[in-house]
Amino acid sequence: MLEIELDGKKVSVPEGSMVMHAAEAAGTYIPHFCYHKKLSIAANCRMCLVDVEKAPKPMPACATPVTQGMIVRTRSDKATKAQKSVMEFLLINHPLDCPICDQGGECQLQDLAVGYGSTSSRYAEEKRVVFHKDVGPLISMEEMSRCIHCTRCVRFGQEIAGVMELGMLHRGEHSEITSFVGRSVDSELSGNMIDVCPVGALTSKPFRYQARTWELSRRKSVSPHDSTGSNLVVQVKNHKVLRVVPFENEDVNECWIADRDRFSYEALNSEQRLTAPMIKQGGQWMVVDWNTALGYVADGLKRVKAEFGGQGIGVLGSASSTVEELHLLAKLARGLGSENVDHRTRQADFATTAGARWLGRSVASLSKLDRAFVVGSSLRKDHPLFAQRLRSAQRQGAEISRLAASTEDWAMPVAQSLVLSPSAWVQGLAGVAAAVALAKGVPAPVAAVADDAGKAIAESLLSAQQGAVLLGLSAARHPQASALLGLAQFIGQQTGCTVGFLGEGANEVGAQLVGALPGPGGLNAGQMLSQPMKALVLLNVEPVLDAADPAAAQRALAGSGLVVALTAFRDAAVENADVLLPIAPFSETAGAFVNAEGRVQSFHGVVRALGDSRPAWKVLRVLGSLLGLDGFNQESAEEVRAEALGDLTTLPGRLDNAGGVMPASLGVARGALQRLGEVPIYAVDGLVRRAPSLQSTQDGLRGRTAGLPASLWSSLGLKAGDQVRVRQGAGEARLEARLEAGLAEGVVRVPAGIQQTVGLGALFGDIVVEKA
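Residues numbered from 1 in each chain as written. Predicted model: local features only at pLDDT ≥ 70, side-chain atom pairs only at ≥ 80, totals over all residues. Heavy atoms only, no water.

**Quick word on the UniProt feature "domain: 4Fe-4S His(Cys)3-ligated-type" (unreviewed entry) in the protein chain**
Filter applied, for reference: UniProt positions are given in the numbering used here, feature names are shortened, and annotations may be inferred rather than shown by experiment. Secondary structure elements follow DSSP: runs of H or I no shorter than four residues count as helices, runs of E no shorter than two count as strands, and numbering proceeds from the N terminus.
Taking the numbering used here, the UniProt-annotated feature "domain: 4Fe-4S His(Cys)3-ligated-type" (unreviewed entry) corresponds to residues 78-117. Helix makes up 60% of residues 78-117 and strand 0%, with an end-to-end C-alpha separation of 16 Å.

**A look at the domain arrangement of the protein chain**
Stated precisely, the cut-off is as follows: What marks off one domain from the next here is an automatic or database domain assignment. When two parts are put together, the accessible area they lose, computed with a 1.4 Å probe and summed over both, is reported as buried area. Salt bridges are defined by distance alone: a side-chain nitrogen of Lys or Arg within 4 Å of a carboxyl oxygen of Asp or Glu. Residues adjacent in sequence count toward polar contacts only when both atoms are side-chain atoms; beyond that, a polar contact is any pair of N or O atoms within 3.5 Å, and within protein one must be able to donate a hydrogen and the other to accept it. Just so you know the grouping, Ala, Val, Leu, Ile, Met, Phe, Trp, Tyr, Cys and Pro go in nonpolar, Asp, Glu, Lys and Arg go in charged, and all remaining residues, Gly too, go in polar.
Along its sequence, the protein chain is carved into domain 1 (2-92), domain 2 (130-267), domain 3 (278-348 + 507-653), domain 4 (363-501) and domain 5 (674-771). The C-alpha-based centres of domain 3 and domain 5 are spaced at 30 Å. Around 1300 Å² of area is buried between domain 3 and domain 5 when both sides are counted, 54% of it from carbon and sulfur atoms. Of all residues in domain 3, Arg346, Leu545 and Phe569 give up the largest surface area on contact with domain 5, accounting jointly for 40% of the area buried on that side. Along the contact surface separating domain 3 from domain 5 lie four salt bridges. Among the salt bridges present, the one from Arg689 reaches Glu542, with a minimum N-O distance of 2.7 Å. If you look at where domain 3 meets domain 5, you find six residue pairs in polar contact (both at pLDDT 80 or more). Residue assignment for the side of domain 3 that touches domain 5 shows that the elements contributing at least two residues are α17 (543-546) and α18 (550-559). Broken down by class, the residue content of the side of domain 3 that touches domain 5 amounts to ten nonpolar, two polar and five charged.

**Points about empty space enclosed by the protein**
For clarity, the threshold we go by: Any residue with an atom within 4 Å of a point lines the site, the site being either a cavity, points on a 1 Å grid over the protein atoms alone where a 1.4 Å probe fits but cannot get out, or a pocket, an open set with protein on both sides within 12 Å along at least 5 of 7 lines. Grid points are joined across faces, edges and corners, and a volume is the space filled by probe spheres set on the points.
On inspection of all chains with the given rule, the structure shows four cavities of 30 Å³ or more. Of the pockets and cavities examined, the largest cavity occupies roughly 640 Å³. Lining the largest cavity are 46 residues, with Ser318, Ser320, Asn540, Asp685 and Gly686 positioned closest to its centre. Counting residues per element, the ones that place at least two in the lining of the largest cavity are α13 (473-477), β24 (562-567) and α21 (686-689). The element that contributes the greatest number of residues to the lining of the largest cavity is α21, accounting for three residues.

**A word on the nonpolar core**
Basically, it comes down to this: Only buried residues count toward a nonpolar core, which is a set of Ala, Val, Leu, Ile, Met, Phe, Trp, Tyr and Cys residues joined through side-chain atoms within 4.5 Å. Note on exposure labels: buried denotes an accessible area under 20% of the residue type's maximum, exposed denotes more than 50%, and partly exposed covers the range between, all computed with a 1.4 Å probe on protein chains only. Contact between two residues is taken to exist if any of their heavy atoms lie within 4.5 Å; hydrogens are not considered.
Counting 53 residues, the largest nonpolar core has Leu301, Leu513, Val564, Leu566, Leu581 and Leu627 as the members making the most contacts within it. In contact with Leu301, not counting residues within four places along its chain, are Ile313, Leu336, Ala535, Val537, Leu562 and Leu627. With 49 residues, the next largest nonpolar core counts Phe33, Cys255, Ala258 and Phe263 among its residues.

**Concerning a nonpolar patch on the surface**
Note the cut-off: For patch detection, residues must exceed 30% relative accessible area and be free of salt bridges, and they are connected within 9 Å for like charges or within 5 Å for nonpolar side chains (Val, Leu, Ile, Met, Phe, Trp, Tyr). Under the convention used here, a 1.4 Å probe and the Shrake-Rupley method define accessible areas, while residue burial counts only the protein chains that appear.
Together, Met164, Phe180 and Val181 give the surface a local cluster of nonpolar side chains, amounting to about 320 Å² of exposed area. You can see Phe180 is positioned in the loop between β9 (176-179) and α5 (192-196).

**So, the environment of Glu740**
As for its placement among the helices and strands, Glu740 is situated in the loop between β31 (731-739) and β32 (747-749). Classification of Glu740 by relative accessible area gives buried; the value is 10%. Glu740 sits 692 residues away from Cys48 along the chain, and the two C-alpha atoms are 47 Å apart. Beyond its immediate chain neighbours, meaning those up to four positions away, Glu740 contacts Ser406, Gly707, Leu708, Pro709, Ala710 and Arg749. Polar contacts involving the side chain of Glu740 include one to the side chain of Ser406, which spans 3.5 Å.

**What to know about the sheet that holds strand β4 (residues 59-60)**
Definition in use: Two strands are said to pair when DSSP picks up at least two bridges between them.
Within the open sheet, the five strands sit side by side as β2-β1-β5-β3-β4. Their pairing is mixed. Looking at strand neighbours, the two that pair on one side only are β2 (9-13) and β4, the edges of this open sheet. In this structure, strand β1 (residues 2-6) lies alongside strand β5 (residues 71-73), joined through two bridges in parallel fashion. The partner of Glu5 across the bridge, within β5, is Ile71.

**Description of the packing of aromatic side chains**
The criterion, for reference: Centre distance within 6.5 Å is the pairing criterion for rings of Phe, Tyr and Trp, where only the six-membered ring of Trp is used; planes under 30 degrees apart are then read as stacked, over 60 as edge-to-face, and the remainder as tilted. Lysine and arginine charges are scored as sitting over a ring when NZ or CZ, respectively, is within 6 Å of the ring centre and within 35 degrees of the ring normal.
Summed over the entire model, instances satisfying the criterion amount to three aromatic pairs. Between Phe156 and Trp256, the aromatic rings sit 5.1 Å apart at their centres with planes inclined by 55°, giving tilted as the arrangement. One end of the pair, Phe156, is in helix α4 (residues 152-161); the other, Trp256, is in the loop between β13 (240-246) and α6 (259-263), and 100 residues separate them in sequence. For the pair shown, Phe156 and Trp256 are each scored as buried. Ring centres 5.0 Å apart and planes at 40° place the aromatic pair Phe593 and Phe603 in the tilted group. One end of the pair, Phe593, is in strand β26 (residues 591-594); the other, Phe603, is in strand β27 (residues 600-603), with ten residues separating them in the sequence. Here Phe593 falls in the buried class, since its relative accessible area comes to 2%. Here Lys331 stacks its cationic end above the ring of Phe632, 5.5 Å away from the centre of that ring. The residue whose ring lies beneath Arg690 is Phe569, and the NZ or CZ to ring-centre distance is 4.3 Å.

Spelled out as structure tokens, the structure:
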């Protein structure tokens, strides 16, 4: 530790710190623009000039290392004069458009101009003009004349998002920030550039001109889209969500959020929202009141139970539903005598672990790993903020390895890639396990031989001080998921690495903790979505988009009896529903999510429910009462949560990834083309599917195409813009073809969770691809 004197106060800071860090430790504010605590130091705005004793001129606080006994003055005449001079230069070319600027009211330049600006300008020449750029549907660069060249956006892309999408052209006052050769900004974290911009140069296109910042009320919430559990600040005007920005939480999302967390709010205000209960009569939808709708559902469930018993009733929830909703859903089913309860609609292997599957370590610790092995994940798109954490670890020297069907760009160097078709993943992972066993001198769990990549991955993990084996969404959805887990556990035990699941939805861990899983003799989600049920209750589930086998789900729904859908959208993909009950999305209800590390995060509704919609936990509570079931008299979401989760101090003991099995055989490679059925980043749930801005991005458009390896692309004679016909079983889909050079031979990436592929079968399986 070094001690310096700052404005007459003694401050101790670690060696290597800058004066800016000492000022933060002392609670002293030094004006700045280019400095950001999460980005590298650029020292190009010069606003943070301070007076350092014995220095011949003012020094930038952000780039001046502290030395023992240094004396710094931040408010001396010398420092203040330097700061005011910098402000004068910054304002020379800045347009006088604060009244119409979206940044007005929350602009650092405005704030600092009050303290350091002059009442008049000595500059009489023409101001420069920078022409606007179109960089996509999310970020507006319409007024780049406002840019002060702090380069925060450039450094964010390089260091946090991992993709340098913006850069600076020219020199001096001709400098300007632009994208490369007219490209759009396509990172899944791009919206954070809006937050780091200290002026109104980068603003939100969907929010543009919607409201002034001082008109917005700010309320905390939690993102429902992935297992990170990102903390949000939802900004509201006239009971309408108009903007979403990050709430800083170093342990979860730091100060970043993914674009789907930021822009999916468009769906909350969409015309597709269901605002009143509806019953289908004679093939036509009729709007009814709540009493009529719930009475109809209760009578129907009683009739099914009386005729077929409780096991004729199935209930399916979603990993994006709250703890309270899933608890009451499971309680409702069991009250009716049914153990047919599940939330794992996209899984194919339903073997359960001893406890709730989870990350195996804290989210924050991902940034501190020195070795990581990711199995079966499109990491960057499935978990943008987990990818950012691993990117941070890699920048500090960590080795990241993967087992996947593609060498897709993760926006970071990947040390080793074991690229295999999905049917060979178990064999590939068994090879890594065998290489680990050989190095440790222990028997291999199964007879297998590792190739060079597998041996290199084993060597990397064996050298880990802080290592993790992470199973992604495709590994969890794989037909041999249990075998992948068993092999991962062996590797973890022998190398000292933790083993964990990256997790699906905001509340997959919570769903397991509250028992949204089949009981003894109960049907799992795959069984309920592959055979007709006498009655089926769906909570936040669109079966043909959320099922592991959409074609089977369509057939099962067509033959089912009473189908009740609790949904926020009237165009929900539940064609055979008999009743639609309008429930409130996360922004209109109180609840809690349990993220991948087992962190319980509660939130309140930020706006009142739209129309006649109601929080799902209240709907389920009233339905339970109408059915005459015990235990449905809770008065608040907090009361339901306490009942659902019990003693939170025991929660860590309920998290356990044990339960994998060793494969009986490694199988053989198949000659047929194999489908890699991943869910695109903007198709994971009903909210992102209905957010127009997200669907217009490159990721949104790419999520509706079929990715083909180079050999298949050539053999079919395809060129850009051509379409292919994909056949799987009796189903068929027609998609635009896209060359994806990194795909393993014989693998075709055919997206799931989109309307175009609902006629196809399982996410993994043999397919036929022809030029359309």
